[in-house]
Amino acid sequence: MTLDQLFRVSGPVALASTLLLAACNQAPAPEATASATAAPPIKPAISFNVLMVKFVDQAADPVWTAAVEPPKTDADWETVEYHATQLAVTGTLMRVGGTGPKDMEWTNSPGWASFTDKMTDGALAAVQAAKAKDVAALQKAGDDIVLNCEGCHREFKLDLPTEGLATHLTRGIITEAPKPGRTE
Ligand code: HEC
C-alpha cells in the first residue's frame, strides 16, 4: 500500500501516526545512547601492596579482634560493622587492579576473582554478624576470611612485598603461612 492509498483508506490521522511510528523506529536505540556516554575506564589509584597494608589489614584486624574479645557496647559493635564494611569493599577494589608491578597480571589471573569475591562475601557476613551482635557468626566469618587471605597469599603473594611495604599489625598467621604450592 502506498502512502496515497493509506491516506485514502485510513484518513490523515492514521497516516500521521504511521509516519510518526516510522520516525520513532529510526531514533537511536537507548543502548547506543548509553554507550556513547559511558564512563571512561577505571584507573586504579594505588598498588595492591598499599591496598593490603593500609586498607585490607587495617579493616580485617578489628574484625578478628572482636571475634576473640567480643564487643561490649553498641558503639563497639558498630565499629566492627564499619570495619567489616570497609573490608568488603577492598574485595571489589582488587577486581579493578592496581598500580603495582604485578597487579594487573594478578588481576587477570584465572584464580584471582574467586579469592577477591570470597573476601567480600566473608566481610559482608561479618557485617551481618555485627548488626545482629552474634559472636558465633562473627567467629565463623572471621575464620572464613582468614582462610581466604591465606589461600590467596599461597597462590599469589611473593615472599617479599613488591614495594617493600609490610604491615605493622602482628598477624604472623597470615604473612608467615606455609606456602606448599610454591617452588623456590
Ligand atoms: C585476592 C588475593 C588476596 C587476598 C584475598 C588477600 N591478599 Fe593480602 N596480598 C595479596 C598479594 C598479591 C599481596 C602482595 C602485594 C605486593 O607485594 O605487591 C598481598 C600482600 C599483603 C600484605 C603486605 C605484604 C606482607 O608480606 O606483609 C598484607 C599485610 C596482606 N596482604 C594482608 C592480607 C589480609 C589480612 C588479608 C585478608 C583479610 C589479605 N591480605 C587477603 C593478595 C591477597
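Residues numbered from 1 in each chain as written. Predicted model: local features only at pLDDT ≥ 70, side-chain atom pairs only at ≥ 80, totals over all residues.

We now examine the overall build of the protein chain. Across its full length, the protein chain carries eight helices and zero strands. Reading the protein chain from its N end, one meets helices and strands in the order α-α-α-α-α-α-α-α. Across the protein chain, every contact between residues at least 6 apart in sequence was considered, and the portion connecting residues at least 24 apart equals 73%. (Helix = DSSP H or I, 4+ residues; strand = E, 2+ residues; numbered from the N terminus. Contact = placed C-beta atoms within 7 Å.)

A separate point is the packing of helix α6 (residues 112-132) against helix α7 (residues 135-156). Following both chains from N to C, one finds α6 and α7 inclined at 165°, their axes separated by 8 Å at the closest point. By the angle between their axes, α6 is roughly antiparallel relative to α7. Like other packed secondary-structure pairs, α6 and α7 cross with a definite hand, here left-handed. Between α6 and α7, the contacting residues are Phe115, Lys118, Met119, Gly122, Ala123, Ala125, Ala126, Ala129, Ala130 and Ala132 on the first element and Ala137, Leu138, Ala141, Gly142, Asp144, Ile145, Asn148, Gly151 and Cys152 on the second. Per-class residue counts for the contact of α6 with α7 are 13 nonpolar, four polar and two charged. (Axes fitted to C-alpha atoms, helices over the stretch in contact; angles between N-to-C directions. Parallel < 35°, antiparallel > 145°, perpendicular 65-115°, else oblique. Left-handed = near helix turned anticlockwise from the far one by under 90°. Nonpolar A, V, L, I, M, F, W, Y, C, P; charged D, E, K, R; others polar.)

What follows covers the nonpolar core. With 26 residues, the main nonpolar core has Val63, Ala84, Ala126 and Ala130 as its most contacted residues. Counting only elements with at least two residues in this core, the list comes to α3 (48-68), α4 (74-96), α6 and α7. Among all residues touching Ala130, those that are not within four sequence positions of it are Trp77, Val80, Glu81, Ala84 and Leu138. (Core = buried A, V, L, I, M, F, W, Y, C linked by C-beta atoms within 7 Å. Buried ≥ 20, exposed ≤ 12 C-beta atoms within 10 Å, placed from the backbone.)

Neighbouring the ligand are 30 residues; Met52, Phe115, Cys149, Cys152 and Thr162 lie closest to it. If you list the elements that add at least two residues to the shell around the ligand, you get α3, α6, α7 and α8 (172-175). Take the shell around the ligand: its biggest share by element is seven residues, from α3. Taken together, the residues that form the shell around the ligand break down as 18 nonpolar, nine polar and three charged. (Near = placed C-beta within 6 Å.)

For the pair α4 and α6, interaxial distance at closest approach is 8 Å and the crossing angle is 165°. Judged by the angle between their axes, α4 and α6 are roughly antiparallel. For α4 against α6, the interelement crossing comes out left-handed. Within the contact between the two elements, α4 uses Trp77, Val80, Glu81, Ala84, Thr85, Leu87, Ala88, Thr90, Gly91, Thr92, Met94 and Arg95 and α6 uses Ala113, Thr116, Asp117, Met119, Thr120, Ala123, Leu124, Ala126, Val127, Ala130 and Lys131. The residue inventory of the contact of α4 with α6, partitioned by class, reads 13 nonpolar, six polar and four charged.

As a further point, take α7. Over its 22 residues, α7 runs 31 Å from end to end, which matches the ideal 32 Å to within 8%, given 1.5 Å per residue. Among the residues of α7, Leu138, Ala141, Gly142, Ile145, Asn148 and Cys149 are the ones counted as buried. Around the axis of α7, the buried residues are gathered within 130° of arc, so they sit on the same side. (Expected span 1.5 Å × (residues − 1). Arc of directions from axis to C-beta.)

What follows deals with the confidence of the model for the protein chain. In this model, the protein chain carries an average pLDDT of 83, and 73% of its residues clear a pLDDT of 70 or more. Within the model, the stretch residues 13-25 combines pLDDT values under 50 with five contacts to residues more than four positions away or in other chains. Throughout residues 172-184 the model reports pLDDT below 50, and contacts reaching past four residues in sequence, or to other chains, amount to 10 contacts. (pLDDT = per-residue confidence, 0-100.)

Let us now look at α6. Within an α-helix, residues lying three or four positions from one another point in the same direction, as the helix has 3.6 residues per turn. The terminal C-alpha atoms of α6, which comprises 21 residues, lie 31 Å apart, in line with the 30 Å expected from a rise of 1.5 Å per residue. For α6, every residue scored as buried is listed here: Thr116, Met119, Gly122, Ala123, Ala126, Val127, Ala129 and Ala130. Down the axis of α6, the smallest arc covering the buried residues is 165°, so these residues share one side. In α6, the exposed positions angled more than 90 degrees off the buried face are occupied by Ser114 and Ala132. Looking at the buried residues of α6, the elements they touch are α3, α4 and α7. Directly beyond the C-terminal end of α6, a positive phi value near 50° is found at Lys133.

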